[in-house]
Amino acid sequence: MLKIYQKTIILGLSLLLAWAGWKGLNALFYQDSASALNKNARGTGMKKINKSLEDWKKELTPEQFRVLFQKGTERAFSGQYNDFWEEGVYLCAACGTPLFRSEDKYDHRTGWPSFKESFSETNLEYHDDRSLGMQRTEVRCAVCGGHLGHLFWDGPAPSGKHYCLNSAALKFLPAAEAEKQLPRVATFAAGCFWGVEYKLSQVEGVLETVVGYSGGQTPNPGYRQVLTGKTGHAEAVQLVFDPGIISYEQLVRKFFELHDPTQYNRQGPDVGPNYRSAIFYHNREQKKIAEKVKDELQASGRYRNKIVTEIVPFKSFYRAEEYHQKYYQKKLGPVCSNE
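Heads up: these notes are all about the structure in this document. (Residues numbered from 1 in each chain as written. Predicted model: local features only at pLDDT ≥ 70, side-chain atom pairs only at ≥ 80, totals over all residues. Heavy atoms only, no water.)

**Section: the state of the cysteines**
Line of reasoning, step 1. The final tally for this structure, using the stated rule, is zero disulfides.
Line of reasoning, step 2. The thiol of cysteine 95 is not disulfide-bonded; the next cysteine sulfur, from cysteine 141, is found 3.5 Å away. (Disulfide = S-S within 2.5 Å.)

**A word on the packing of helix α8 (residues 248-257) against helix α9 (residues 284-299)**
Line of reasoning, step 1. The contact between α8 and α9 brings their axes to 10 Å, and the two run at 45°. Considering the angle they form, α8 stands oblique to α9. Relative to α9, α8 is oriented so that their crossing is right-handed. For the pair α8 and α9, contact is made by Tyr248, Glu249, Val252, Arg253 and Phe256 and by Gln286, Ile289, Ala290, Lys292, Val293, Lys294, Glu296 and Leu297, respectively. (Axes fitted to C-alpha atoms, helices over the stretch in contact; angles between N-to-C directions. Helix = DSSP H or I, 4+ residues; strand = E, 2+ residues; numbered from the N terminus. Parallel < 35°, antiparallel > 145°, perpendicular 65-115°, else oblique. Left-handed = near helix turned anticlockwise from the far one by under 90°. Contact = heavy atoms within 4.5 Å.)

**A look at the pairing of strand β8 (residues 162-165)**
Line of reasoning, step 1. The alternating pattern of β8 places His162 and Cys164 on one face and Tyr163 and Leu165 on the opposite face, and all of these are buried.
Line of reasoning, step 2. Inspection of the sheet shows strand β4 (residues 114-115) paired to β8 by two bridges, in the antiparallel sense. Each residue of the ladder has a partner; that of serine 114, found in β8, is cysteine 164. (Buried < 20%, exposed > 50% of the residue type's maximum accessible area, 1.4 Å probe, protein only. Pairing = 2+ DSSP bridges.)

**Here's the deal with the sheet that holds β8**
Line of reasoning, step 1. Read across the sheet, six strands follow the order β3-β4-β8-β7-β6-β5 without closing on themselves; strand pairing throughout is antiparallel. Edge positions in the open sheet fall to β3 (105-106) and β5 (124-129), since each of these has one partner strand only.
Line of reasoning, step 2. Where β5 and strand β6 (residues 136-141) come together, six bridges link them in antiparallel fashion. Bridge pairing in β6 links tyrosine 126 to valine 139.

Right, dumping it as structure tokens:
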């Protein structure tokens, strides 16, 4: 009888320790990301699709509805996109919003599709998830509110992001079709991001804008950290644009017009590497165009001094805190030195 009692105690302690270990690891990967990633994303300006659950239920398969609107989870290794590596873009299975690119997909070996970066931060929203006795960051489509999966911080460098998603929440668009049908993304830094966002948001063909931090090495930084200049990030604006209305080259020219690209690590009285001028290109074509425009402007004699704008590959973007989003509109007037 004593041995059975002892075994029961040992088993109970083992389960308790296992649970505590999981909680510890989960807390490590969670990193208070709910507040840092601007949960509920109220400032993105995305046009929402409002349908009843009954309407979604009619349009989706039972598994899609279970995952997207009942927050279900697929069994590990069962989803069609877990071991799927074609080139293209992954869309929301409910509303078709572009969410992730194939080049940002990687094998995390957990049994679900994993991505290290989003198509655009304007297309996602984040919510605290304290279900199952854990703290997690839920990822939803910003347009229809569909549940996609969770964001963890055990992903590859430099961002550390690990978007762990359900295949049923996604649908795939091959690269050739995506090139014709989808809007594009651009990321710029030109000093204080409040004014830069406002000016770019007024350009015809720019569909959405969001401010954040790009070009650094510290995962998931906050505004105060970035201000120190030690994280390596620049205050940046990521935008979604319609290439049928405005080309990337036209956007790059607008970017150079709205600030002084000859000022190194500053714009006016705002001094520091976080205020540097930079173009974060998303593909080779964007790099080629940015370098061409920069060279043309330098040779034109328009600027006395050398243009110091960095043209560097895009690696990661962290959405800034909610109070920074659409700051110009909230304050109803100019608030930056570069305006």
